[in-house]
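# Architecture at a glance
These are the residues of each chain, in order.
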Amino acid sequence: MTIEAHLQTLRQRIAQACALAGRPPGAVQLLAVSKTFPPEAVAQAAACGQRDFGENYIQEGVEKIATLAHLGLVWHCIGPLQSNKTRPVAEHFDWVHSVDRLKIAQRLSEQRPTTLAPLNVCIQVNIDGGPTKAGVAPEDALALAQAVAVMPRLRLRGIMTIPEPTPDFAATLAVHQRAKAVFDELRASGLPLDTLSMGMSADLEAAIQAGSTMVRVGSAIFGGRAAPNVSVAAASAGGVSPALPLP
Ligand SMILES: *Cc1c(COP(=O)(O)O)cnc(C)c1O
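Residues numbered from 1 in each chain as written. Predicted model: local features only at pLDDT ≥ 70, side-chain atom pairs only at ≥ 80, totals over all residues. Heavy atoms only, no water.

## Describing the pattern of salt bridges
Enumeration according to the criterion identifies seven salt bridges in this entry. Of the charged contacts, one joins Arg 13 and Glu 205 as a salt bridge, the two residues approaching to 2.8 Å between their closest N and O atoms. Pair noted here: Arg 13 is in helix α1 (residues 3-20) and Glu 205 is in helix α8 (residues 204-210), with a separation of 192 residues, a long-range link. Given a relative accessible area of 24%, Arg 13 falls into the partly exposed group. One network of salt bridges, with partners in common, ties together Glu 55, Glu 60 and Lys 64. (Salt bridge = Lys/Arg side-chain N within 4 Å of Asp/Glu carboxyl O. Helix = DSSP H or I, 4+ residues; strand = E, 2+ residues; numbered from the N terminus. Buried < 20%, exposed > 50% of the residue type's maximum accessible area, 1.4 Å probe, protein only.)

Put into structure tokens, the structure is as follows:
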């Protein structure tokens, strides 16, 4: 199947999940995760009307942003961030979903050029205590969110989660509902948040049922990735050394 056919199928899945959840069809935004895929694949998706793209690896993302600058796309950094690698993110991306500590937020705010709009930020929350996952503990999310909300060059938009895969729909839904509860708690504290970034190719129905406003989908659009952390994009760009996963 082509990227166009994949996108059509996916938009139907999202619309159907919204209908089942009693939510309006436009309630959930699609973030196309293009990590490891070449600029040509992004351009194909863009030709089908897709505007928002997510990248995990900073160097790979920055290269694609430069190559495709003429398309006016919106770029989201969704990968783990090290504090010594924040500058290219602050200078080139439109969104960061993976802010999980104060130091990262401070650096992003300091480094965001004043010629650009404030950087849109989500706090990554480790909702299920997964040991390998980045993210602030749910009970620490409010304090971090309040600190980020007043940083001058950042615009706090919401939270992001990457729960561990669970065996069935009910268990997946329960985890996503815990994330929604954290999101609601932050909003109830007065923060004007509009983005709950959760749900991927395998679990977007449960995420939408629970209240996700942005699903991040890679393989269901672009196909399977050769192996985690392998940059097909950099390799196929010709002679460019593969982007390294961070950290
Ligand atoms: C890779 C990735 C996705 C997309 O995963 P798929 O299973 O390919 O849909 C979403 N979010 C994050 C943070 C990712 O790293």
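## Some thoughts on helix α2 (residues 39-47)
Of the positions making up α2, those classed as buried are Pro 39, Ala 41, Val 42, Ala 45 and Ala 46. Each buried residue of α2 lies within a common arc of 160 degrees when the element is viewed along its axis, so the set occupies one face. Turned more than 90 degrees off the buried face of α2, the exposed positions are Glu 40 and Ala 47. At its buried positions, α2 is contacted by α1, β2 (52-55), α3 (58-67), β3 (74-77) and α9 (219-222). With its phi angle positive at about 95 degrees, Gly 49 sits one or two positions after the end of α2. (Arc of directions from axis to C-beta. Contact = heavy atoms within 4.5 Å.)

## Quick notes on empty space enclosed by the protein
The method is simple in principle: a probe with the dimensions of a water molecule rolls over the atoms, and the space it marks as empty is what remains. Under the counting rule described, the total for this entry stands at one cavity of 30 Å³ or more. Here the largest cavity defines a volume of roughly 40 Å³. If you trace the largest cavity, you find it lined by Gln 124, Val 125, Asn 126, Ile 127, Asp 128, Lys 133, Ala 134, Thr 161, Ile 162 and Pro 163. When its residues are assigned to classes, the lining of the largest cavity shows five nonpolar, three polar and two charged. (1 Å grid on protein atoms, 1.4 Å probe; cavity = no way out; pocket = protein on both sides within 12 Å on 5 of 7 lines; lining within 4 Å. Points joined across faces, edges and corners; volume = space filled by probe spheres on them. Nonpolar A, V, L, I, M, F, W, Y, C, P; charged D, E, K, R; others polar.)

## Some details on the nonpolar core
Ranked by size, the top nonpolar core spans 64 residues in total, and within it Ile 14, Phe 53, Leu 108, Ile 123, Ile 221 and Phe 222 carry the most contacts. The residues touching Phe 222, leaving out its near neighbours within four places in the chain, are Ile 3, Ala 32, Val 33, Ser 34, Phe 37, Ala 41, Val 42, Ala 45 and Phe 53. Grouped together as the second largest cluster of nonpolar side chains are seven residues, Leu 31, Val 33, Trp 95 and Cys 122 included. (Core = buried A, V, L, I, M, F, W, Y, C linked by side-chain atoms within 4.5 Å.)

## Focus on the site of the ligand
Close to the ligand lie Val 33, Lys 35, Asn 56, Ile 78, Ile 162, Met 200, Ser 201, Arg 216, Val 217, Gly 218, Ser 219 and Arg 225. Here Asn 56 contributes a side-chain N or O atom positioned 2.8 Å from an oxygen atom of the ligand. For the ligand, an oxygen atom lies 2.9 Å from a polar atom in the side chain of Arg 225. In isolation the ligand exposes 380 Å². Once the protein is present, 89% of that is buried. (Near = heavy atom within 4 Å. Polar contact = N/O pair within 3.5 Å; in protein donor to acceptor, adjacent residues only side chain to side chain. Areas by Shrake-Rupley, 256 points an atom, 1.4 Å probe, with all protein chains shown as cover.)

## Structural notes on the environment of Pro 80
Relative to the helices and strands, Pro 80 resides in the loop between β3 and α4 (86-92). For the pair Pro 80 and Met 214, spaced 134 residues apart in sequence, the C-alpha to C-alpha distance is 18 Å.

## Concerning the packing of helix α6 (residues 141-149) against helix α7 (residues 169-188)
For the pair α6 and α7, interaxial distance at closest approach is 10 Å and the crossing angle is 50 degrees. The angle between α6 and α7 places the two elements in the oblique class. For the pair α6 and α7, the sense of crossing is right-handed. On α7, the residues touching Ala 141, Leu 142 and Ala 145 of α6 are Val 182, Glu 185 and Leu 186. For the contact of α6 with α7, a count of residues per class yields five nonpolar, no polar and one charged. (Axes fitted to C-alpha atoms, helices over the stretch in contact; angles between N-to-C directions. Parallel < 35°, antiparallel > 145°, perpendicular 65-115°, else oblique. Left-handed = near helix turned anticlockwise from the far one by under 90°.)

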